[in-house]
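# Understanding the architecture of this molecule
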Amino acid sequence: MGRIEDRLGELSITLADPAPPAGAYVPALVDGDHVLTSGQLPLVDGSLPVTGHVGAEVDPEQAKEMARLCAINALAAIRSVIGDLDRVEQVVKVVGFVSSAPDFTGQPEVINGASELLGEVFGEAGEHARSAVGVAALPLGAPVEVELTVRVRS
Amino acid sequence: MGRIEDRLGELSITLADPAPPAGAYVPALVDGDHVLTSGQLPLVDGSLPVTGHVGAEVDPEQAKEMARLCAINALAAIRSVIGDLDRVEQVVKVVGFVSSAPDFTGQPEVINGASELLGEVFGEAGEHARSAVGVAALPLGAPVEVELTVRVRS
Amino acid sequence: MGRIEDRLGELSITLADPAPPAGAYVPALVDGDHVLTSGQLPLVDGSLPVTGHVGAEVDPEQAKEMARLCAINALAAIRSVIGDLDRVEQVVKVVGFVSSAPDFTGQPEVINGASELLGEVFGEAGEHARSAVGVAALPLGAPVEVELTVRVRS
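Computed from a prediction, not measured in an experiment: that's the story for all the values here. (Residues numbered from 1 in each chain as written. Chains lettered and ligands numbered in written order. Predicted model: local features only at pLDDT ≥ 70, side-chain atom pairs only at ≥ 80, totals over all residues. Heavy atoms only, no water.)

## Considerations on the overall build of chain A
Under the convention used in this document: Runs of E in the DSSP output that reach at least two residues are strands. Runs of H or I that reach at least four are helices, and both are numbered from the N terminus. Radius of gyration: over C-alpha atoms. The globule rule applied is 2.2 Å multiplied by the number of residues raised to the 0.38 power. To sort residues, take the accessible area from a 1.4 Å probe on protein chains only and compare it with the maximum for the residue type: under 20% means buried, over 50% means exposed, and anything in between is partly exposed. Between two residues, a contact is recorded if the distance between any of their heavy atoms is within 4.5 Å. Per-residue and other accessible areas were derived by the Shrake-Rupley procedure at a 1.4 Å probe size, with only the shown protein chains allowed to occlude residues. For the purpose of counting charges, residues Lys and Arg are taken to be positive, whereas Asp and Glu are taken to be negative. His and the chain ends are not included. Here the site of a charge means NZ on Lys, CZ on Arg, CG on Asp, or CD on Glu.
The helix and strand inventory of chain A stands at three helices and five strands. When the helices and strands of chain A are listed from N to C terminus, the series reads α-β-β-α-β-α-β-β. The C-alpha radius of gyration of chain A comes to 15 Å, within 12% of the 15 Å expected for a compact globule of 154 residues. When the backbone C-alpha atoms are referred to their principal axes, chain A occupies close to 45 × 35 × 30 Å. Within the span of chain A, comprising 154 residues, buried residues form 61% of the whole. Long-range contacts, defined here as pairs at least 24 residues apart, represent 82% of the contacts in chain A between residues at least 6 apart. Carbon and sulfur atoms form 49% of the exposed surface of chain A, whose accessible area is close to 5700 Å². Each charge class in chain A can be summarised by its mean position, and for the 10 positive and 22 negative side chains these summaries are 6 Å apart.

The structure is reproduced here in structure tokens:
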């Protein structure tokens, strides 16, 4: 068991196998010393705990929890291509898409669900640049989608 | 004629010159061993075959075809800066923005139009990480916009 | 005073300290020979000059000015992590998110506010690939959010 796996255990986080992509792409891809994930939905056992727009059918606290699930699924996708999350040297970038009612402006608090999870798991190596935006709709009606870029040791 | 040009010929795909950018930027840019394209619209001879929101004025099958056109225009943009598409070692990332009615959730099927084209052209080297999201509106009323990142041989 | 600082002075542009992030992330991050900024809002002294959707409460010319402010804030974020903007070798990528009424399709003209600023400051080194999309809503009600990737000299 690696250091990050231990940390995930302390946080009671279990990484599932990555969900099969909903199209002709891969869950994560190694590109030199970076790993890029595809946009991750908050799937649990293949289905979404909640669907809809934040600020309408979904409240911001629920959405923050969904963003945390997206980040967990992104870690599972990364592990599936590099084997051991101890190889992650730095989380580099997070992009968070929040399915938003037109008057909802709390995207940063929602995507903090992903950012804080990365801090809990990786500490300083979890610090990242980030964009958070409110989109019109997301695949399967998901309230949140998160993509991650990390740098890895060779 | 290179291998990829032959393949494009087999698929009856002709790459036009990249459309002049709609602003103070370039269609594609070489950054070390990567090429990044600007967001590509499904322009044919300078105009959009269809406009509007998917799930409203535009149906998903039309939009998928538009995503394919975006990918073809992205390849033209890449070729314009590296000369020969045989230099593409790996497609790395696709981001697909789908102009979406608020209740349209089929973004993955739409962006498969781009992903599948990349698979047809490049085979395994066409595999990529991907995000697909539903946005409120796109330039010129386009139903789809796609950006591509590829890694090239030096 | 460096060359770029001189140029900013000629343009009467003052870079403020970067705004504290609205979440668990950093304003900009050095990743090898690249710097990635977080999505920048058009904050002036910590508040937004205008809020709302472009094509509704905000007109395109105001929004273009806001995009320029986003780019200025992005330069401040980059300077905060590399010290001297003369180290910027090339602006590589701009992503511009425009909070858009569903029928607003002028995102390129809005994001030109950022692209043209980069050209004024960096000349040819300011050329970049770009995506501009219309989103449903942005943090704090901002009309525009812009993220930047630049390559730096070591």
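## Things to note about the interface of chain A and chain B
What counts is decided by this rule: The term buried area denotes the loss of accessible surface (1.4 Å probe radius) that occurs when two parts are joined, taken as the sum for both partners. A pair is scored as a salt bridge if a Lys or Arg side-chain nitrogen falls within 4 Å of a carboxyl oxygen belonging to Asp or Glu. A 3.5 Å cut-off defines polar contacts: any pair of N or O atoms within that distance qualifies, except that in protein one atom must be a possible hydrogen donor and the other a possible acceptor, and neighbouring residues in sequence count only when both atoms are side-chain atoms.
Facing 24 residues of chain A, the contacting portion of chain B comprises 26 residues. The junction of chain A with chain B conceals about 1800 Å² of combined surface from both sides, 57% of it contributed by carbon and sulfur atoms. By the criterion of area lost to chain B, the three top residues of chain A are Ala24, Leu29 and Asp31 of chain A, representing 24% of everything that side buries. The interface formed by chain A and chain B includes two salt bridges. A salt bridge links Lys93 of chain B to Glu147 of chain A; its shortest N-O distance comes to 2.8 Å. Inspection of the chain A/chain B interface yields 12 residue pairs in polar contact (both at pLDDT 80 or more). For the side of chain A that touches chain B, the secondary-structure elements that each account for two or more residues are β1 (28–31), β2 (34–37) and β5 (144–152) of chain A. With three residues, the top contributor of residues to the side of chain A that touches chain B is β1 of chain A.

## Digging into the sheet that holds strand β3 (residues 88–99) of chain C
Residue and element names in this part refer to chain C. For clarity, the cut-off: Here, a strand pair is defined by DSSP locating no fewer than two bridges between the strands. Helix axes are fitted only over the stretch in contact, all axes being lines through C-alpha atoms; the angle between N-to-C directions runs from 0 to 180 degrees.
Pairing is mixed in the open sheet, where five strands are placed in the order β1-β2-β5-β3-β4. The two strands at the open ends of the sheet, each matched to only one other strand, are β1 (28–31) and β4 (129–135). Across the sheet, the mean angle separating the axes of adjacent strands is 15 degrees when strand polarity is ignored. Examined bridge by bridge, β3 and strand β5 (residues 144–152) share nine bridges and lie antiparallel to one another. For Val94, the partnering residue across the bridge sits in β5 and is Leu148.

## Section: the relation of the copies chain A and chain B
Applied cut-off: Residues reaching a pLDDT of at least 70 in both copies supply the C-alpha atoms on which the copies are superposed by least squares.
When chain A is brought onto chain B, the operation consists of a screw motion whose angular component is 120 degrees and whose axial shift is 0.0 Å, with 0.0 Å RMSD remaining. When the rotation and shift are considered jointly, the pair of chain copies conforms to a three-fold rotation axis. When the interface residues of chain A are mapped onto chain B, a mere 8% of them again fall at the interface, so the copies present different faces.

## Here we look at the relation of the copies chain C and chain A
After a rotation of 120 degrees and a shift along the axis of 0.0 Å, chain C superposes on chain A with an RMSD of 0.0 Å. Residue by residue, only 8% of the interface of chain C is reproduced at the interface of chain A, so the copies engage with different surfaces.

## Some words on the sheet that holds strand β3 (residues 88–99) of chain A
Residue and element names in this part refer to chain A. Here five strands make up an open sheet; going across it, the order is β1-β2-β5-β3-β4 and the pairing mixed. The outermost strands of the open sheet, each flanked by one partner alone, are β1 and β4 (129–135). Sheet twist, expressed as the mean angle between neighbouring strand axes with direction ignored, is 15 degrees. Helix-sheet contacts for helix α2 (residues 60–82) involve β1, β2, β3 and β5, and the interaxial angle to β5 is about 40 degrees. Packed on one face of the sheet, helix α3 (residues 107–122) meets β3, β4 and β5 and runs near 160 degrees to β3.

## Brief notes about the confidence of the model for chain A
For clarity, the cut-off: Note on scores: pLDDT gives the predictor's confidence for each residue, bounded by 0 and 100.
Taken residue by residue, chain A gives an average pLDDT of 96. The fraction at 70 or more is 100%. For this predicted complex, the interface score ipTM comes out at 0.96, while the overall pTM is 0.97.

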